[in-house]
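Structural overview
The residues making up each chain are set out below.
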Amino acid sequence: MTQEFQALFGPGEPVAADAPGRVNLIGEHTDYNGGFVLPTAIPQRTRVLLAPRPDDTVRAASTSIATEISVEHYRLGAETSGRGWLDYVQGVTQVARAAGFSFAGFDALISSDVPIGSGLSSSAALEVALLRALRSAFGLAIDDVQIARLGQRAENQFVGAQCGIMDQMAASLADEHTALFLDARTLDYQRVSLPVDADLVVINSGVAHDHAAGDYNIRRAECERASRTLGVSQLRDLDSAELRRLDVLPEPLRRRARHVVSENERVLAAVQAIRRNDLPQLGRLFYDSHQSMRDDYEVSVKEIDLIVELARADTEIYGARLTGGGFGGSVVMLAHAGTGSKAARRIARAYADRSGRSPTVLVPAV
Ligand code: GLA
């Protein structure tokens, strides 16, 4: 990649940084409600090569978007949204400078094997990889949690996606061997070892979503309306013993709130199940989570439901669910140890036959 960098931007030794995509095991649409999540890093990563410039111009190119690489540019302080993938770069430089970090212009080459629009946080991986590259090129005094917060701010304030903090925390702090059990309100986290007796499986449905396109922001606004009506600061403040309180809410707010309250408890139960190595219970929690996302939160699509049903019919699978924001994307599953690769391929093939879509098995990586 250094050669490619030099061919585009001229001689010079760029710094290199990267960050992983993530798969959320359980705890969906809970983060912006102040609740719990349990993501882990996937092997697919976004890489950034970056070299400072003597002026305040940013030149950036991405190898992942088109076959022909084109170099985009803008001036620091003159960030303007509406430029596709460059918005993530512009968003990062704008919010980082507004937060008081000082750096000059730079040349950056981005490459990634985290599929876009697949519910695996390609955007957070880009934000975090870029902030890591800026940290090392300009000696910025910024820690991993601050990096996550800036990445989220770039999405919220510049890109226009009102996402929570899960994805950036996962890209900044998660690894492939543990799950990050995160309290999205306090940002306290613990690393929970992934079960050794199970294989993680991630299948991308081939149906892409677009968070900024509205549905996600609508769900978030519905939750805020629900918590205002209930007189709590966030839906996190309710537990299932108080489900009757939700009856005052009009539909669909009642169903939305029921998903958040029950999903939060499923995260806590899932952490217990992992610690007890109770994989059948963990699998049931996956299926329950999926059902809640499909029926109460209404963020699934028929293709994703089909993959989950194929998983349910497969004796090697403990559990499966839609992962990420929804409206397309990927399914995460837990398979009996040693069976993950074969089961994933079997399910992906059956899904392709029945849906006409082109799925990809991302985990286990080949
Ligand atoms: C997207 C958002 C996250 C989170 C998930 C749903 O990935 O970026 O903050 O809300 O959706 O759990």
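Reference entry: report on the structure contained in this document. Since we're looking at a predicted model, the values are computed, not measured.

With their axes 8 Å apart at the nearest point, helix α4 (residues 144–159) and helix α5 (residues 166–173) run at an angle of 145° to one another. Between α4 and α5 lies a crossing of right-handed hand. Residues D144, V145, I147, A148, G151, Q152 and E155 of α4 touch α5, and the partners they reach there are Q168, M169, S172 and L173. Partitioning the contact of α4 with α5 into residue classes produces 5 nonpolar, 4 polar and 2 charged.

Quick look at the site of the ligand now. Around the ligand, the structure places 13 residues, and the nearest of them are E28, H29, D31, D167 and Y216. At 2.8 Å, a side-chain N or O of E28 approaches an oxygen atom of the ligand. Between an oxygen atom of the ligand and a main-chain N or O atom of G325, the distance comes to 3.4 Å. Protein coverage of the free-state accessible area of the ligand, which is 310 Å², stands at 98%. Under a 2 Å grid-point criterion requiring more than half of the atoms, the pocket assigned to the ligand is the largest pocket. Considered class by class, the residues forming the shell around the ligand number 4 nonpolar, 5 polar and 4 charged.

Following both chains from N to C, one finds helix α2 (residues 86–98) and α4 inclined at 110°, their axes separated by 8 Å at the closest point. When the interaxial angle is binned, α2 and α4 end up roughly perpendicular. Packed against α2, whose contacting residues are D87, Y88, Q90, G91, V92, Q94, V95 and A96, the element α4 presents L150, R153, A154, E155, Q157, F158 and V159 at the interface. Class assignment of the residues belonging to the contact of α2 with α4 gives a composition of 8 nonpolar, 4 polar and 3 charged.

This part covers the pattern of salt bridges. This structure, assessed with the given rule, holds 31 salt bridges. Here R53 ties to D55 by a salt bridge, and the two come within 2.9 Å at their closest N and O atoms. Taking relative accessible area as the criterion, R53 reaches 18% and is therefore assigned buried. D56 is the partner of R75 in a salt bridge, and the nearest nitrogen-oxygen pair spans 3.5 Å. Here D56 lies in the loop between β3 (39–52) and β4 (57–62) and R75 lies in strand β5 (residues 72–75), a separation of 19 residues in the sequence. One salt-bridge network, held together by shared partners, links R219, E222, R244, D247, E251, R254, R255, R256 and E298.

This brings us to the packing of aromatic side chains. Per the stated rule, a full pass over the model turns up 4 aromatic pairs. Judged by centre distance (5.5 Å) and plane angle (70°), the rings of Y32 and Y216 are edge-to-face. In this pair, Y32 is assigned in the loop between β1 (15–24) and β2 (36–37) and Y216 in helix α6 (residues 215–230), connecting sequence segments 184 residues apart. You'll find Y32 and Y216 in the same group, each marked buried.

Cut-offs and rules
- Residues numbered from 1 in each chain as written.
- Predicted model: local features only at pLDDT ≥ 70, side-chain atom pairs only at ≥ 80, totals over all residues.
- Heavy atoms only, no water.
- Axes fitted to C-alpha atoms, helices over the stretch in contact; angles between N-to-C directions.
- Helix = DSSP H or I, 4+ residues; strand = E, 2+ residues; numbered from the N terminus.
- Left-handed = near helix turned anticlockwise from the far one by under 90°.
- Contact = heavy atoms within 4.5 Å.
- Nonpolar A, V, L, I, M, F, W, Y, C, P; charged D, E, K, R; others polar.
- Near = heavy atom within 4 Å.
- Polar contact = N/O pair within 3.5 Å; in protein donor to acceptor, adjacent residues only side chain to side chain.
- Areas by Shrake-Rupley, 256 points an atom, 1.4 Å probe, with all protein chains shown as cover.
- 1 Å grid on protein atoms, 1.4 Å probe; cavity = no way out; pocket = protein on both sides within 12 Å on 5 of 7 lines; lining within 4 Å.
- Sits in = over half its atoms within 2 Å of the grid points.
- Parallel < 35°, antiparallel > 145°, perpendicular 65-115°, else oblique.
- Salt bridge = Lys/Arg side-chain N within 4 Å of Asp/Glu carboxyl O.
- Buried < 20%, exposed > 50% of the residue type's maximum accessible area, 1.4 Å probe, protein only.
- Phe/Tyr/Trp six-rings, centres within 6.5 Å; stacked < 30°, edge-to-face > 60°.

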